[in-house]
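# Coordinate inspection notes
The residues making up each chain are set out below.
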Amino acid sequence: MTKAPDIQFGALDDSRSKVCVVLSEQNRAFAPALKALDARSGGLVTKAAGIAKFSGGKKSLLDLVAPAGLDLDRLLVMGLGSASKFAETDWLGLGGRVRARLAGARVSSAELMLDIGEGAAVTGRDAALVALGAVLRGYEFKKYKSKKPSNDEEDEEVDTLFSLRILCREPEQAVAIFAGLKAIGEGVVLARDLVNEPPNVLYPEEFAARVAALAGDGLEVEVLDKDRLAVIGMNALLAVGQGSVRPSCVAIMRWRGAAQADAKPLLLVGKGVCFDTGGISIKPAGGMEDMKGDMGGAAAVTGAMLALARRKAPVNVVGIIGLTENMPSGTAQRPGDIVTTLSGQTVEVINTDAEGRMVLADIMWYAQEHFQPRAMVTLATLTGAIIVALGKEHAGLFSNDNALAEQLATAGRDTGEKVWRMPLDAKYDKQVNSKVADMKNIGGRDAGSITAAQFLQRFVKPGVPWAHLDIAGTAMGSPSTDINTSWGSGFGVMLLDRLAGQFYENS
Ligand code: BES
Ligand code: MN
Ligand code: ZN
């Protein structure tokens, strides 16, 4: 949506811009880049820092406009706190804060000197992460604003940044690594756009059309329309959508990047409920508009597939998303209905608002039958209960496989898309037994996100390592961060890309 700024990398001594951002660690001597500027200006920076009581604390800023003695329009000194133990997420966050500061200062073109001196050499990878952070922070969803905000409206943040040069010690490495990270950023932006789109625009067939357009990026895309789903027997998915005038569909994306073309794929499965009213078990009116984001799992899968394709990841991955709309109407499913899922197992519908698991049940089964996955990850805005349990900082992780769970936990810590493991247990599984069918679609008041996961587990084939991520709290409406200020967060794209990249590529 947002036009990403033009990002370039250069060497530390190759300064060209009139607006310069330099970094300062808290209570440490200036790094060489800043020391040189201070010397050239006859100690201006030291003097200004003293007057402003700037000591380089995290989130502090020294903004010098038209600094005397320097051939600059502006010198921004950004406080870092301590950078010696910066992790990936810190570099991302730094890029985000630089972007925000420059936008706040209405700067259009700037240079960032990525130099923090001895003991904390900034690598090309760090620099590339800073660039990705800057790209992600610049995202905004403004396509339905008919008026363009003007520069003199104080309350409107106008992002004017169109070019950023990042000066660092390893510019060539940064360029090479950023090529891959840029692809990941594009996947995140796609996922955010999909989640933010209003539900009158992004209905199942429109979502599928946007997926089909990704064929240009080298993904093999197949869309199964409603009639095809009926022939196949995806009755649970179709039951969810039967109250809507918008036909349900399923989209399948294949990325074949592995050296061994027929290597078993990693399988990503996403809930794509384009709007969830609850159906006949209708939700209360307050906040129902948020249910346009109930396709966040499908958005994460789609964004991750785009990222993998654009960075030409050497791995085989299949993404499958179930697209539908949960509406009340004369044709809607009723509480009490019993449907036969594609797997042959029957489900008694107790609450039509527990629809996500019905959608996933059929596409999980279909995908396992067709693609013999090495591992399967399901992503869904599945339960409000996961928000009660974990809030908006962690997605819930459920898994039948400790190794896969560990991989996701590691990928989550490293990318900042954190997950927290929740239990699965035969005792919880009993809660979804039905008197009249094989199972019912809710498990009672207790442990709502666990019983939802237990329901899904009944559609995992023996021997398939499976993990389920309940992203109801993290995909949308989560608090703003250094790298995201949008309602739709794109949560899951960086996590899935990392899972594939670190644990499934070239193996
Ligand atoms: N899409 C909702 C879950 C949800 C809630 C996502 C809040 C994001 C924010 C899901 O389909 C749902 O309605 N779940 C019910 C399950 C219940 C009927 C067992 C819920 O969480 O209340
Ligand atoms: Mn629901
Ligand atoms: Zn839902």
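Refer to the structure above for everything that follows.
Residues numbered from 1 in each chain as written. Chains lettered and ligands numbered in written order. Predicted model: local features only at pLDDT ≥ 70, side-chain atom pairs only at ≥ 80, totals over all residues. Heavy atoms only, no water.

What follows concerns the overall build of the protein chain. Looking only at helices and strands, the protein chain has 15 helices and 17 strands in total. Computed over C-alpha atoms, the radius of gyration of the protein chain comes to 25 Å, within 12% of the 23 Å expected from 2.2 N^0.38 for 507 residues, which places it in the range of a compact globule. Its C-alpha atoms put the protein chain at 85 × 50 × 40 Å along the principal axes. Within the protein chain, buried positions represent 57% of all 507 residues. Of all intrachain contacts in the protein chain linking residues separated by at least 6 positions in sequence, the fraction that spans at least 24 positions is 79%. One way to put it: in the protein chain the 55 positive side-chain charges average out to a point 2 Å from where the 59 negative ones average out. (Helix = DSSP H or I, 4+ residues; strand = E, 2+ residues; numbered from the N terminus. Rg over C-alpha atoms; globule rule 2.2 N^0.38 Å. Buried < 20%, exposed > 50% of the residue type's maximum accessible area, 1.4 Å probe, protein only. Contact = heavy atoms within 4.5 Å. Lys, Arg positive; Asp, Glu negative; His and termini not counted. Charge placed at Lys NZ, Arg CZ, Asp CG, Glu CD.)

Moving on, we get to the coordination of the manganese ion (ligand 2). Within the protein, Asp276 (OD), Asp353 (O), Asp353 (OD) and Glu355 (OE) serve as the donor atoms for the manganese ion (ligand 2), at 2.0 to 2.2 Å. In this structure, the manganese ion (ligand 2) is coordinated by six donor atoms arranged in irregular fashion, with angles at the metal of 71 to 167 degrees. Along the chain, the residues that donate to the manganese ion (ligand 2) are spaced as D-x76-D-x1-E. A separation of 3.2 Å is found between the manganese ion (ligand 2) and the zinc ion (ligand 3), which are bridged by aspartate 276. Residue aspartate 276 is located in strand 9 (residues 266-276), and its partner aspartate 353 is located in the loop between strand 12 (346-348) and helix 10 (356-371); the two are separated by 77 residues in the primary sequence. Taking relative accessible area as the criterion, aspartate 353 reaches 21% and is therefore assigned partly exposed. (Donors = N, O, S within 2.8 Å, 3.2 Å for Na, K, Ca; no water. Tetrahedral: all angles 85-135°; square planar, octahedral: opposite > 155°, others 65-115°.)

What follows covers the pairing of strand 6 (residues 163-168). Burial runs high along strand 6: six of the six residues are buried. Burial of strand 6 is two-sided: the residues Ser163, Arg165 and Leu167 facing one way and the residues Leu164, Ile166 and Cys168 facing the other way are all buried. Of the strand pairs in this sheet, strand 5 (residues 109-113) and strand 6 are connected by five bridges, and their pairing is parallel. From the neighbouring strand, glutamate 111 faces strand 6, where its bridge partner is arginine 165. (Pairing = 2+ DSSP bridges.)

Tallied over the entire structure, the rule returns four aromatic pairs. Sitting over the face of the ring of tryptophan 365, lysine 461 holds its NZ or CZ atom 4.7 Å from the ring centroid. (Phe/Tyr/Trp six-rings, centres within 6.5 Å; stacked < 30°, edge-to-face > 60°. Lys NZ or Arg CZ within 6 Å of the ring centre and 35° of its normal.)

This brings us to the coordination of the zinc ion (ligand 3). In the first shell of the zinc ion (ligand 3), the protein supplies Lys271 (NZ), Asp276 (OD), Asp294 (OD) and Glu355 (OE), at 2.0 to 2.4 Å from the metal. Around the zinc ion (ligand 3) sit six donor atoms; with metal-centred angles ranging over 78 to 175 degrees, the donor geometry is octahedral. Binding-site remark: the zinc ion (ligand 3) is held by donors from one chain whose sequence spacing is K-x4-D-x17-D-x60-E.

Moving on, we come to the sheet that holds strand 11 (residues 338-340). Two modes of strand pairing occur in sheets, parallel and antiparallel, and in both the strands are linked by backbone hydrogen bonds. Strand order in the open sheet made by the three strands is 11-12-16, with mixed pairing throughout. Either end of the sheet is taken by a strand with one partner, and the two such strands are strand 11 and strand 16 (439-440).

Here we come to the state of the cysteines. One pass over the full model with this rule turns up zero disulfides. Left without a disulfide partner, cysteine 168 is nearest to the cysteine sulfur of cysteine 20, which lies 13 Å away. Counting only cysteine sulfurs, cysteine 274 is the nearest neighbor of cysteine 249, a cysteine outside any disulfide, at a range of 7.8 Å. (Disulfide = S-S within 2.5 Å.)

Glancing now at the nonpolar core. Residues Leu94, Leu102, Leu114, Ile166 and Phe207 are the most contacted members of the largest nonpolar core, which totals 102 residues. With 10 residues, the single largest contributor to this core is helix 9 (residues 296-310). Contact partners of leucine 102, with chain neighbours within four places excluded, come to Val19, Val21, Leu76, Val107, Ala110, Leu161 and Leu164. The next biggest cluster of nonpolar side chains, apart from the first, holds 39 residues, and it includes Leu224, Val269, Val273 and Val464. (Core = buried A, V, L, I, M, F, W, Y, C linked by side-chain atoms within 4.5 Å.)

Below, the discussion takes up helix 6 (residues 204-212). Where helix 6 is concerned, the buried positions are Pro204, Phe207, Ala208 and Val211. Along the axis of helix 6, the buried residues cluster in a sector spanning 100 degrees; they form a single face. Its buried side turned inward, helix 6 meets helix 5 (171-196), strand 7 (220-224), strand 8 (249-256), strand 9, helix 9 and strand 10 (316-326). (Arc of directions from axis to C-beta.)

This next bit is on the sheet that holds strand 15 (residues 419-421). Read across the sheet, eight strands follow the order 7-8-10-9-13-17-14-15 without closing on themselves; strand pairing throughout is mixed. On the outer flanks of this sheet lie strand 7 and strand 15, each paired with one strand and no other. When the angles between neighbouring strand axes are averaged without regard to direction, this sheet yields 20 degrees. The sheet contacts of helix 10 involve strand 7, strand 8, strand 9, strand 10, strand 13 (375-380) and strand 17 (466-470), and relative to strand 9 the element is tilted by about 150 degrees. (Axes fitted to C-alpha atoms, helices over the stretch in contact; angles between N-to-C directions.)

Scanning all chains against the criterion turns up 28 salt bridges. Between arginine 16 and aspartate 14 there is a salt bridge; the shortest N-O distance is 2.9 Å. Residue arginine 16 is classed as exposed on the basis of its relative accessible area, which comes to 61%. Of the residues examined, aspartate 14 reaches a relative accessible area of 24% and is grouped as partly exposed. Arginine 97 is paired through a salt bridge with aspartate 482; the nearest N and O atoms lie 2.9 Å apart. Note that arginine 97 is positioned in helix 3 (residues 88-104) and aspartate 482 in the loop between strand 17 and helix 15 (493-503), a separation of 385 residues in sequence. Judged by relative accessible area, arginine 97 falls into the buried class, the value being 9%. When salt bridges that share partners are traced, they join Asp14, Arg16, Glu111 and Arg165 into one network. (Salt bridge = Lys/Arg side-chain N within 4 Å of Asp/Glu carboxyl O.)

Let us now look at the site of ligand 1. With respect to spatial proximity, 17 residues lie near ligand 1, and among them Lys283, Asp294, Asp353, Glu355 and Gly384 are the closest. One of the side-chain nitrogen or oxygen atoms of aspartate 276 is found 2.9 Å away from an oxygen atom of ligand 1. The separation between an oxygen atom of ligand 1 and a polar side-chain atom of lysine 283 is 2.8 Å. Bound to the protein, ligand 1 loses 77% of the 520 Å² it would expose on its own. Residues belonging to the shell around ligand 1 are distributed by class as follows: six nonpolar, four polar and seven charged. (Near = heavy atom within 4 Å. Polar contact = N/O pair within 3.5 Å; in protein donor to acceptor, adjacent residues only side chain to side chain. Areas by Shrake-Rupley, 256 points an atom, 1.4 Å probe, with all protein chains shown as cover. Nonpolar A, V, L, I, M, F, W, Y, C, P; charged D, E, K, R; others polar.)

Along the chain, the position of asparagine 316 falls in strand 10. A polar contact is formed between the side chain of asparagine 316 and the backbone nitrogen of glycine 257, at a distance of 3.1 Å. Ignoring sequence-local partners within four residues, the contact set of asparagine 316 consists of Trp255, Arg256, Gly257, Ala258, Gln260, Ala261, Asp262, Ala263, Lys264, Pro265 and Leu266.

The subject of this paragraph is the packing of helix 3 against helix 12 (residues 402-415). At their nearest, the axes of helix 3 and helix 12 sit 6 Å apart, and the two run at 35 degrees to each other. Judged by residue contacts, Glu88, Thr89 and Leu92 of helix 3 engage Arg413, Asp414 and Thr415 from helix 12. Tallied by class, residues from the contact of helix 3 with helix 12 come to one nonpolar, two polar and three charged.

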